[in-house]
Amino acid sequence: MEEFSVLLVDDEEDFLRTIIKRLAKRGLKAQGASRGEQALAMLAEEPRDVVVLDVKMPGMDGLEVLKRIKTNWPNTEVIMLTGHASIDAAMEGMNCGAFDYLMKPADLEDLLYKLEDAYRKKCVNKSRQTPSPMNGEPA
């Protein structure tokens, strides 16, 4: 698996620690934040390739965090994590620019698959935005 950076945002700290360790064992650069505000501060310091974002959190909820990510870091892909009760919020997240969503508890293999897809999409979008060397313009 190609190494890329992932920020996991979830207020369930045991879940967060476990997933970060498991992703790191797979060669990903994974970090975590337990609140939306913390995640935004971390992204401001160092943008990430993909964010995995819980919908329901105290303080700033996942949808608000998603909107701010897409405003400030539009190339960062976001995967929403949701429980059965908040599937509508996950669908709203998709309408606001989330790449995809996963139901909790998320299976690690499903998460890895979606992370890889999200990272590939980011790379494709980035390559489309890079100007090509036409008419003497620098690349």
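Here the structure is a predicted model, which means the values were calculated and not measured.

A. How the structure looks around the pairing of strand E3 (residues 50–54). With five of five residues buried, E3 lies mostly within the body of the structure. Burial of E3 is two-sided: the residues Val-50, Val-52 and Asp-54 facing one way and the residues Val-51 and Leu-53 facing the other way are all buried. Sheet analysis places strand E1 (residues 5–9) next to E3, joined by four bridges and oriented parallel. For Val-9, the partnering residue across the bridge sits in E3 and is Leu-53. Of the pairings in the sheet, the one linking E3 to strand E4 (residues 77–82) comprises five bridges and is parallel in character. Within E4, the position partnered with Leu-53 by the bridge is Met-80. The β-α-β motif built from E3, the intervening helix H3 (residues 62–72) and the parallel element E4 has right-handed crossover chirality.

B. Just H3, in detail. The set of residues buried in H3 consists of Gly-62, Leu-63, Val-65, Leu-66, Ile-69 and Lys-70. Seen along its axis, H3 keeps its buried residues to an arc of 160 degrees; they face one direction.

C. Highlighting the pattern of salt bridges. The final tally for this structure, using the stated rule, is twelve salt bridges. Salt-bridge contacts for Glu-37 lead to Arg-35; the nearest nitrogen and oxygen are separated by 3.9 Å. Relative accessible area serves as the criterion here: at 37%, Arg-35 is assigned to the partly exposed category. If you follow the salt bridges from partner to partner, you end up with Asp-10, Glu-12, Asp-54 and Lys-104 in one network.

D. Expanded view of the sheet that holds strand E5 (residues 100–103). Judged by pairing direction, the sheet is parallel, and its five strands sit side by side in the order E2-E1-E3-E4-E5 without closing on themselves. Edge positions in the sheet fall to strand E2 (29–33) and E5, since each has one partner strand and no second. Strand after strand, the sheet turns through a mean of 20 degrees between neighbouring axes, direction not considered. With respect to the sheet, helix H2 (residues 36–45) is in contact with E1, E2 and E3, its orientation differing from that of E2 by roughly 140 degrees. Set on the sheet, helix H4 (residues 87–95) makes contact with E4 and E5; between it and E5 the angle comes to about 160 degrees.

E. Summary view of the environment of Pro-47. Looking at the element boundaries, Pro-47 is found in the loop between H2 and E3. When the C-alpha atoms of Pro-47 and Val-6 are compared, they prove to be 9.5 Å apart, with 41 residues separating the residues in sequence. Once residues within four sequence positions are removed from consideration, Pro-47 is found in contact with Ser-5 and Trp-73.

Criteria and thresholds
- Residues numbered from 1 in each chain as written.
- Predicted model: local features only at pLDDT ≥ 70, side-chain atom pairs only at ≥ 80, totals over all residues.
- Heavy atoms only, no water.
- Buried < 20%, exposed > 50% of the residue type's maximum accessible area, 1.4 Å probe, protein only.
- Helix = DSSP H or I, 4+ residues; strand = E, 2+ residues; numbered from the N terminus.
- Pairing = 2+ DSSP bridges.
- Right-handed = clockwise from strand over helix to strand, strands pointing away.
- Arc of directions from axis to C-beta.
- Salt bridge = Lys/Arg side-chain N within 4 Å of Asp/Glu carboxyl O.
- Axes fitted to C-alpha atoms, helices over the stretch in contact; angles between N-to-C directions.
- Contact = heavy atoms within 4.5 Å.

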